[in-house]
Amino acid sequence: MKGSDALTTLRRHWPFMLVAIIGAGLIFANLGSGYLWADEGDTAVLASNILKFGVPRAWDGVTFMDSDFGARVNNDLVMVSSPWLQYYLAAASFWLFGENTFAARLPFAFAGWLTILLVYRLIWQSIADRRAALCGTILTICSVQFLLFCRQSRYYALAMLFTLLLIETFLRMKTPRQTALFAFVAILLFHTHPIGIVPVFALGALTLIDRGFSSQRRAFWLALPAVSVLTVPWFALAHTGYTENASLVPSVRDFFARLVQYLIECSSVAPLIGVTVLAVVSSIGRSRIDRPSEQRARELLVTILAVSVSYAIAMAVTQRMAALWVTGLRYTSAVIPLLATAAGLLIVKVSRGKNSVLLSLLLLFAFTNFAQITPWLFWADKNPDPEQKIVAPHVPEKMINCFLPAADLLFLRDLFCSNVGTVGKCSEFLRENARANDLLVTNYESEPLYFHTRLPQGMKIMRQDAIYETARRRGLPEYVFGVDHARWVVWRFNWDDYLGIRWPDVSDHLLAEGAQLNDVAEIKETAWENRENIHFHRFSGDTYLFPHDTNLQAAHIFRVDWPAVP
């Protein structure tokens, strides 16, 4: 492209450039502030170990790290249940920028920003309408849940980026080069998270059942063997980790209950209801979009529908209702930009050239909850028990937030505010008071605590853990299996018995060995630092939009003094 052509293109799309800059500010501003929460800590610790060993080992010679009690590691103590792409990206960032919170989150934030660009390009390639592309992009950056996913040291933003790339390559898949690119993106998506294989097969099904995609059929089935060879064997390698975190649906009744719960999770943070209404309205009357654009728009909407439905079915088959209620769209984060893309297309289609209608719909979708399920369930139970109810919606504590979300303002405020929780306070205390090789024992969120302090940790492998015998055979030091010689204990009393051990067991053992326990700090329990799900996210000032447990027991830090050895 010549310089003059590029300048003309930039001028034509200047509103999008402004939105992209705003999106970058929302994603990257103060990215390194705050401490990592549990899952982010897992990414960071294993990425750090990649720099040492070349692979994500759970044992780095100092501390053993596995949040699933050893179910995720093989006999070489290498983590194998989760695909490695996210860990290698974080490791590359550490290599370039040092091992810190900013570097841990940077590659994922960048993937989130690229997702914004891709939303615009998908719509522009579909109908060449800047208004629709701009609407989809604005709706994407106005989603606080999208922004929270982008600002995590975790795979969520990668899943969004590669899912949209998968759809883009699929829609253009005609040549051998495009077929190879589709296979490459599909492989990357799987190695972001295994559920990434689901939309691949959904798109394959479209080539068989929808005549509009028959031209992609041959290319898809040529790409599938390469995708299968580089993805399917991972399931055999990692089956123990998946059985730890998945629960196959036991009955048809349970399947539909789980499906409803998943749809609630989608419609709570994305405009699923609004998109459905717009789709119905747009089907009434004759569209003014010319036929080629209409066909391309249809193809994009159908792929979005197929991918979204495939995600819903997969989650209903593999996840318990209570797990769905807690994790939300963590595993299927791509649904958010996909529904924003669909909304952008449909808003322009429904407005039929009337800018006043377009602007009204855009404002309704972007700055109210009426396109989501929340305002329609404002009367529901604010403290549901997902284990006991058929469905369990999320309802904000304040009724006004059911209709006009406060999340946008709270998120913006947090870009300029400190928001340190229990892990952060404990880390700060230990950095000030502990020596480099002091042994630490903790019962919750050990990963971020280790990343932020680098203190060796004891009591990491219990006798009942699957990895116990293997760890013994590999000669891990004795402190890994118990609390002897601990210098510090950080006990999160709200999670007492989480590891199968209660505080009296630990304290009684230490006292029986002659140790003296000194309660040196009481730390307010805030549950998590930077939780990814908006329904459980703590904004600065201990502000929650949704009901939360206010009776959390304080965490305590104990200094352990041992008798002098004669």
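Residues numbered from 1 in each chain as written. Predicted model: local features only at pLDDT ≥ 70, side-chain atom pairs only at ≥ 80, totals over all residues. Heavy atoms only, no water.

A. Structural detail: the side chain of S310. As for its placement among the helices and strands, S310 is situated in helix α16 (residues 291-318). Classification of S310 by relative accessible area gives buried; the value is 10%. Apart from residues lying up to four places away in sequence, S310 is in contact with V198, P199 and A202. (Helix = DSSP H or I, 4+ residues; strand = E, 2+ residues; numbered from the N terminus. Buried < 20%, exposed > 50% of the residue type's maximum accessible area, 1.4 Å probe, protein only. Contact = heavy atoms within 4.5 Å.)

B. Spatial organisation of helix α21 (residues 407-414). Those residues of α21 not exposed but buried are A407, L410, F411 and D414. Burial along α21 is one-sided: seen end-on, the buried residues are contained in an arc of 100 degrees. Its buried side turned inward, α21 meets α2 (14-28) and α7 (144-150). (Arc of directions from axis to C-beta.)

C. Quick peek at the sheet that holds strand β2 (residues 488-492). On the basis of which strands lie adjacent, the open sheet formed by 4 strands has the order β1-β2-β4-β3 and mixed pairing. Each end of this open sheet is capped by a strand with a single partner; those strands are β1 (440-442) and β3 (516-523). Adjacent strand axes in the sheet meet at a mean angle of 20 degrees when their direction is disregarded. Relative to strand β4 (residues 555-561), β2 runs antiparallel, the two being bridged by 5 bridges. Its bridge partner lying in β4, W491 is registered against H556. Along the sheet, helix α22 (residues 422-433) makes contact with β1, β2, β3 and β4, crossing β2 at roughly 170 degrees. (Pairing = 2+ DSSP bridges. Axes fitted to C-alpha atoms, helices over the stretch in contact; angles between N-to-C directions.)

D. Spatial organisation of unusual backbone geometry. Residues other than glycine seldom take positive phi values, yet L77 does so here, at roughly 60 degrees. Its location among the elements puts L77 in the loop between α3 (38-53) and α4 (85-97). Backbone geometry at R352 places phi at a positive 50 degrees, although glycine is not the residue there. Within the secondary structure, R352 sits in the loop between α18 (335-351) and α19 (355-367).

E. Structural context of the state of the cysteines. Inspection of the entire model under this criterion finds 0 disulfides. The structure places no disulfide on C142, whose sulfur is separated from the nearest cysteine sulfur, that of C135, by 11 Å. Using a relative accessible area of 17% as the deciding quantity, one classes C142 as buried. Here C150 stays free of any disulfide, with the sulfur of C142 as its closest cysteine sulfur at 13 Å. (Disulfide = S-S within 2.5 Å.)

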